[in-house]
Number of protein chains: 2
Amino acid sequence: MSKYDLTKISTRAPEDADKSDTKEKTERIANALDELQNKLYAEGKHSVLIVLQGMDASGKDGAIKKIFSEVNPQGVHVQSFKKPTDEELAHDFLWRIHKHTPERGMIQIFNRSHYEDVLVTRVLGYTDDATAAHRFEIINAFEKNLLRQDTQILKFYLHISAEEQQQRFKERLEDPRKNWKYNANDLETAKSWPQYKKYYSEVFEKCGPEIPWVIVPSDQNWWKEFVISNTLLQRLQQLGLEYPTLKPD
Amino acid sequence: MSKYDLTKISTRAPEDADKSDTKEKTERIANALDELQNKLYAEGKHSVLIVLQGMDASGKDGAIKKIFSEVNPQGVHVQSFKKPTDEELAHDFLWRIHKHTPERGMIQIFNRSHYEDVLVTRVLGYTDDATAAHRFEIINAFEKNLLRQDTQILKFYLHISAEEQQQRFKERLEDPRKNWKYNANDLETAKSWPQYKKYYSEVFEKCGPEIPWVIVPSDQNWWKEFVISNTLLQRLQQLGLEYPTLKPD
């Protein structure tokens, strides 16, 4: 059994995690991220790419809003990758992605990403196994190229249960503030969940472990937000970021 | 001795090539390319990427002008890659390149290219051997990705002798219409020619033979133009391009 088998991985916070403690920690992390982003920008040496993947209603938008609430928006770009346009489809699958990789000093968030081209397109039958295998290689080369440019890459899979997803769809239908997010197609997509899980497992295996995926138990938003922001915090702390000093001349 | 050793490869047309015959052939090819480009565009299935590399004054600009003289400019894009900007340098070396890969139906010409990042940057000492080796892999993966998108890639090295180059520099100085092309730095660059040759040989070896380089003897423009346009013609003819037919519905 693969260690990436999503059917065997919990979607919930550990039993002993305390909700209010965790929320406090996440607040402190958000403040620390503000300072670290400032240094990242000032130093202009590293960049950060955060890839968020997950099924519909897994909480990608919410995570972005919460985790970067304290961070200077000038230093953070968010790019959502939706169904490709005709122009995008007339190029290779990384063309539209490459345009949005972060320059030095910046944090770039991908809300969905190049991984859709080895996930949804497989479920829909546009991408066969041989093409997917080829794309795994291309993706790995692409990401290693970014690493060499001092881009830190963090890849998160927001892992929710089918039950939690259904609950959230229901809320979207019932809550007028969430109605706009409701999409009848999502119900269709949910039926393909077993296939998605299989393809995700393959992605985690083939497009790791050098740039590993973090599988984030996401049924409870407070736990999801803590895991992502804490992972980011630790990565930024490792960089030894410093404000540049003026040179004698 | 490598088969790509430029010091062993002639820069001149074969002895038995007739100048006026060859020029006539090139004219006919230019007309054929016009028709083929039309089909390429109408069909919207394939794209073509032409990479032109060569030392200063090797005739890249002239080749573009001559070979595409008959082709609809709407179907051809030319992109020159010069010294990277600060924004470009803040990204990986393929970032600025990827933006200009051709969409289906288009012919894209790169006047210099991503190969500069394993050529001039090595000569100037910005790129060490390990980085170059890494970039060869990245470039191969990048180009294979384009192949999968039905992009035909043709890579030409315009091969001139040092004597011919000096002659052309002299013309740039003496001919008022060519003055603007004169750049004193080119004389400096010319001194590094042995290094360039070595690094070019490595490029031909490491970034072929799947997508091979065509080494074009370029001391005589009429021969250079024939070789490039004929190579392009043959490639386009192999694609079996057809105008799309209307569907019954």
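About the thresholds
- Residues numbered from 1 in each chain as written.
- Chains lettered and ligands numbered in written order.
- Predicted model: local features only at pLDDT ≥ 70, side-chain atom pairs only at ≥ 80, totals over all residues.
- Heavy atoms only, no water.
- Helix = DSSP H or I, 4+ residues; strand = E, 2+ residues; numbered from the N terminus.
- Contact = heavy atoms within 4.5 Å.
- Buried area = accessible area lost by both parts, 1.4 Å probe.
- Salt bridge = Lys/Arg side-chain N within 4 Å of Asp/Glu carboxyl O.
- Polar contact = N/O pair within 3.5 Å; in protein donor to acceptor, adjacent residues only side chain to side chain.
- Nonpolar A, V, L, I, M, F, W, Y, C, P; charged D, E, K, R; others polar.
- Least-squares fit on C-alpha atoms with pLDDT ≥ 70 in both.
- Buried < 20%, exposed > 50% of the residue type's maximum accessible area, 1.4 Å probe, protein only.
- Axes fitted to C-alpha atoms, helices over the stretch in contact; angles between N-to-C directions.
- Parallel < 35°, antiparallel > 145°, perpendicular 65-115°, else oblique.
- Left-handed = near helix turned anticlockwise from the far one by under 90°.
- pLDDT = per-residue confidence, 0-100.

**Overview of unusual backbone geometry**
Across the junction of A:Gly208 and A:Pro209, the peptide omega takes the value -20°, indicating a cis bond. Secondary-structure assignment places A:Pro209 in the loop between α9 (193–206) and β5 (213–217).

**Quick look at the interface of chain B and chain A**
On the side of chain A, 25 residues touch chain B, which itself brings 25 residues to the contact. Both faces considered, chain B and chain A share a buried interface measuring about 2100 Å² in area, 51% of it formed by carbon and sulfur atoms. Of all residues in chain B, B:Asp92, B:His98 and B:Arg148 give up the largest surface area on contact with chain A, accounting jointly for 25% of the area buried on that side. At the boundary of chain B with chain A, the tally comes to zero salt bridges. Summed over the shared surface of chain B and chain A, the number is 21 residue pairs in polar contact (both at pLDDT 80 or more). Where the side of chain B that touches chain A is concerned, the elements lending two or more residues are α3 (86–89), α4 (95–98) and α6 (129–148) of chain B. For the side of chain B that touches chain A, the element with the most residues is α6(B), which contributes nine residues. For the side of chain B that touches chain A, the residue count by class is 10 nonpolar, eight polar and seven charged.

**Observations regarding the relation of the copies chain B and chain A**
Note on the copies: chain B fits chain A at an RMSD of 0.0 Å, the axial shift is 0.0 Å, and the rotation between them is 180°. Seen this way, the second copy is the image of the first under a two-fold rotation axis.

**Here's the deal with the pattern of salt bridges**
All names here are of chain A. Scanning the entire structure with this criterion turns up 26 salt bridges over all chains. A salt bridge links Lys-66 to Glu-27; the nearest nitrogen and oxygen atoms lie 3.4 Å apart. Taken as a pair, Lys-66 in helix α2 (residues 60–67) and Glu-27 in helix α1 (residues 19–43) lie far apart in primary sequence, 39 residues in all. Taking relative accessible area as the criterion, Glu-27 reaches 39% and is therefore assigned partly exposed. One salt bridge in this structure joins Lys-144 and Glu-210, with 3.4 Å as the shortest N-O distance. Linking Lys-144 in helix α6 (residues 129–148) with Glu-210 in the loop between α9 and β5, this pair joins segments that are 66 residues apart in sequence. The exposed category is assigned to Glu-210, whose relative accessible area is 60%. A single salt-bridge network, built from bridges that share partners, covers Asp-56, Arg-112 and Glu-116.

**Remarks on the packing of α2(A) against helix α10 (residues 221–238) of chain A**
Residues and elements named next belong to chain A. Axis separation between α2 and α10 bottoms out at 10 Å; the angle between their running directions is 60°. The orientation of α2 with respect to α10, classified from their angle, is oblique. The way α2 lies across α10 gives a crossing that is right-handed. On α10, the residues that touch Gly-62, Ala-63, Lys-66 and Ile-67 of α2 are Lys-224, Glu-225, Ile-228 and Ser-229. By residue class, the composition of the contact of α2 with α10 is three nonpolar, two polar and three charged.

**Considerations on the confidence of the model for chain A**
With 98% of its residues at a pLDDT of 70 or more, chain A has an overall mean of 93. The complex prediction reports pTM at 0.83, with the ipTM value standing at 0.71.

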